[in-house]
Amino acid sequence: MSYDRFIDERLLTSRDALNRMQIKMKLVEIDEAARDFSQRFGNRVLVKKILLTIKYTETQEVEEKELDIEELEKRMKKERLYSSSNRWVAQTDIKNNYVVAAKHLDLLADALALDVVKV
């Protein structure tokens, strides 16, 4: 791998407050037809599905879960009458098809609120 394609693993991994688990998020599906007309935020893509990889640091156990972010957003609006998520991700926040750690909470907000993911 050339140096210009190297991405530091710390940039892609988020952790809980007590460092009991590490999370990586890979894009599985984006909405190609969606157009972002707001140029204020730069070029962005609309995320539909992600693959969530959770590694528990105490046991070194790895769990993978595919989440349909679009379906979670619809369910959140239906059950809770609002949605706190933002499925738009800037292209600069995607590295080798992984979402940078700073954007994990934005994509997981509805899943956490619906107890689909317990982190």
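About the criteria used
Residues numbered from 1 in each chain as written. Predicted model: local features only at pLDDT ≥ 70, side-chain atom pairs only at ≥ 80, totals over all residues. Heavy atoms only, no water. Helix = DSSP H or I, 4+ residues; strand = E, 2+ residues; numbered from the N terminus. Buried < 20%, exposed > 50% of the residue type's maximum accessible area, 1.4 Å probe, protein only. Contact = heavy atoms within 4.5 Å. Pairing = 2+ DSSP bridges.

Caption draft 1: Representation of the environment of Ala 90. Looking at the element boundaries, Ala 90 is found in strand β5 (residues 88-90). Its relative accessible area of 14% is what places Ala 90 among the buried residues. Along the sequence, Ala 90 and Phe 41 sit 49 residues apart, while their C-alpha atoms lie 7.4 Å from each other. Beyond its immediate stretch of four places on either side in the chain, Ala 90 contacts Asn 43 and Arg 44.

Caption draft 2: Region of interest: the pairing of strand β2 (residues 21-31). In terms of strand pairing, strand β1 (residues 14-15) meets β2 through two bridges, oriented antiparallel. When the bridges of β2 are listed, Arg 15 appears paired with Gln 22. In textbook terms, the turn of a hairpin is the stretch between consecutive antiparallel strands, and for β1 and β2 this stretch comprises five residues, one of which, Asn 19, has a positive phi near 55°. Bridge analysis of β2 against strand β3 (residues 44-56) gives 10 bridges, and the strand direction is antiparallel. Across the sheet, residue Ile 30 finds its bridge partner in β3, namely Val 47.

Caption draft 3: Highlighting the pairing of strand β4 (residues 62-68). By the bridge criterion, seven bridges tie β3 to β4 in an arrangement that is antiparallel. Across the sheet, the residue bridging to Ile 54 is Glu 63, located in β4. Connecting β3 to the next strand, β4, in antiparallel fashion are five residues, including Gln 60 with a positive phi near 60°.

Any link to function would need more than the numbers given here.
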